[in-house]
Amino acid sequence: MASSVCVVGAGVIGLTTATLLQDALPAGSLVTLVADKFTTDTTSDGAAGIFRPGKYLQGPSEQMTKQWLEDSYKHYKKILNSEDAAEAGVKAVSGYLFSNKDPKIIQSPLMKEIIDEYRECTQDELDLHDQKYGTFCTTLVIQCRRMLPYLMDRFKRRGGVVRKQHVNSLEELADEGCFDLVCNCSGLGASVLANDRYVTPIRGQVFKVRAPWIKNFYYHENDTYIIPGMDMITLGGTRQFDNDTTDVSTSDASEIWRRCVQLLPSLKDAEVLRQWVGLRPYRPSVRVEKELMKFGGGKTLKVVHHYGHGGYGVMSAPGSSMYAVSLICDFLQHHQHHRAKL
Ligand SMILES: Cc1cc2nc3c(=O)[nH]c(=O)nc-3n(C[C@H](O)[C@H](O)[C@H](O)COP(=O)(O)OP(=O)(O)OC[C@H]3O[C@@H](n4cnc5c(N)ncnc54)[C@H](O)[C@@H]3O)c2cc1C
């Protein structure tokens, strides 16, 4: 039976969910995307977008987290191998994870299992970069400055409706009475919309630079990274827990610049395009869950929550969205059986 579903949020999570929903819902269904910020105003827009899962990405279970990442990698690989790759901002990139302190920092068991190329660095590679431990791998970068408009265009072309609106509470959407279900992809906004005290910002500051001679990515220890996207390179960074300041800090900037140039001296000639601060929507585990919300006067609203991807939302968006879409379809069917019985 055709349904009407509202997706709240137009970051990479909301847009990926909305487009996958269009594939999954029966003909005649309508998907409406509601958000107060779009494209360059979202956190997703500034993310480096590298597929490099870390240990802080936690889905509902270990097995499901791995499934999301495998599904995501396959999804993005398919785009990479299609004629849409450049428009969607997906490219393959090789590079290094380095550490002088701890061999564990450069190991990523999940990456090893999922991506195409992953090996220990040779001694020559370590000597060249003056490092003690290193991994070389080939992975993907998904640049949201291209991916978000690409998804939005697909969404609209297939009849999706877009509304710019701040949602004060999900009850507002229940009051409209026209949605069979709402999918809550509001990132940090979920702390209010779902009254979720586990949602916390992790502040990240970066430079976006032009340095076309740099082709590889580099990670050093935990917080220094150089990641080439399609049109610019992201230099980072910071990971400041429970800090919601979006102003650029000059002391963070000089520290990031110092660490990156130390790692790759040729960066001193890079052209700085801009500086940016984003707040990663962290939650100890990503929430993808059904909830029947109850409001005064016996009003109810079917909600599937889908938020809390922290520093891993770009890489995991397709996989976790596939799971969210399966919950939505299941919840809607249940709803229709229920309606049919009444
Ligand atoms: C510096 C930095 C580097 C990063 N690098 C990477 C990386 O390399 N790889 C990776 O995978 N991830 C990376 N991330 C993480 C990634 O950016 C996030 O996980 C991802 O963007 C989360 O997407 P989202 O759609 O949940 O949130 P957002 O992009 O924040 O979107 C939230 C949406 O919800 C809407 N919204 C919220 N509340 C309301 C409301 N009340 N009413 C209406 N609309 C509302 C907003 O307007 C917006 O449209 C990085 C993040 C930062 C800050």
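Worth saying up front: this structure is predicted, and the values here are computed from it rather than measured. (Residues numbered from 1 in each chain as written. Predicted model: local features only at pLDDT ≥ 70, side-chain atom pairs only at ≥ 80, totals over all residues. Heavy atoms only, no water.)

1. So, the overall build of the protein chain
Looking only at helices and strands, the protein chain has 11 helices and 14 strands in total. Structurally, the protein chain occupies a C-alpha span of about 75 × 40 × 35 Å along its principal axes. The buried share of the protein chain, reckoned over its 342 residues, is 55%. Of the contacts formed within the protein chain by residues at least 6 apart in sequence, a portion of 76% connects residues at least 24 apart. (Helix = DSSP H or I, 4+ residues; strand = E, 2+ residues; numbered from the N terminus. Buried < 20%, exposed > 50% of the residue type's maximum accessible area, 1.4 Å probe, protein only. Contact = heavy atoms within 4.5 Å.)

2. What to know about the nonpolar core
Counting residues in each nonpolar core, the largest one holds 64 residues, and the members touching the most others are L33, Y76 and M147. The contact partners of M147, leaving out residues within four places of it in the chain, are Y76, I79, A88, V90 and I142. Counting 21 residues, the second-largest nonpolar core is a separate cluster that includes I214, I226, L235 and L264. (Core = buried A, V, L, I, M, F, W, Y, C linked by side-chain atoms within 4.5 Å.)

3. With respect to the site of the ligand
As a structural note, the neighbourhood of the ligand is formed by 36 residues, with D36, K37, S44, G310 and M315 the closest of them. In the model, an oxygen atom of the ligand is placed 2.5 Å from a nitrogen or oxygen of the D36 side chain. I50 places a polar main-chain atom, nitrogen or oxygen, 2.9 Å from an oxygen atom of the ligand. Coverage of the ligand by the protein chains reaches 94% of its 1,000 Å² of free accessible surface. Only α1 (12-24), α2 (43-46), β13 (271-294) and α11 (313-341) provide two or more residues apiece to the shell around the ligand. (Near = heavy atom within 4 Å. Polar contact = N/O pair within 3.5 Å; in protein donor to acceptor, adjacent residues only side chain to side chain. Areas by Shrake-Rupley, 256 points an atom, 1.4 Å probe, with all protein chains shown as cover.)

4. So, the UniProt feature "signal peptide" (unreviewed entry) in the protein chain
Those places that UniProt annotates as "signal peptide" (unreviewed entry) correspond, in this numbering, to residues 1-18. Overall, residues 1-18 shows 39% helix and 28% strand. The separation of its end C-alpha atoms is 18 Å. (UniProt positions renumbered as here; feature names shortened; annotations may be inferred.)

5. Details of the packing of aromatic side chains
This model, assessed by the stated rule, comprises 9 aromatic pairs. Cluster of aromatic residues (ring-pair linked, three or more members): Y96, F98, F136 and Y218. Sitting over the face of the ring of Y219, R52 holds its NZ or CZ atom 3.9 Å from the ring centroid. The ring of F331 is capped by K290, whose NZ or CZ atom sits 5.5 Å from the centre of that ring. (Phe/Tyr/Trp six-rings, centres within 6.5 Å; stacked < 30°, edge-to-face > 60°. Lys NZ or Arg CZ within 6 Å of the ring centre and 35° of its normal.)

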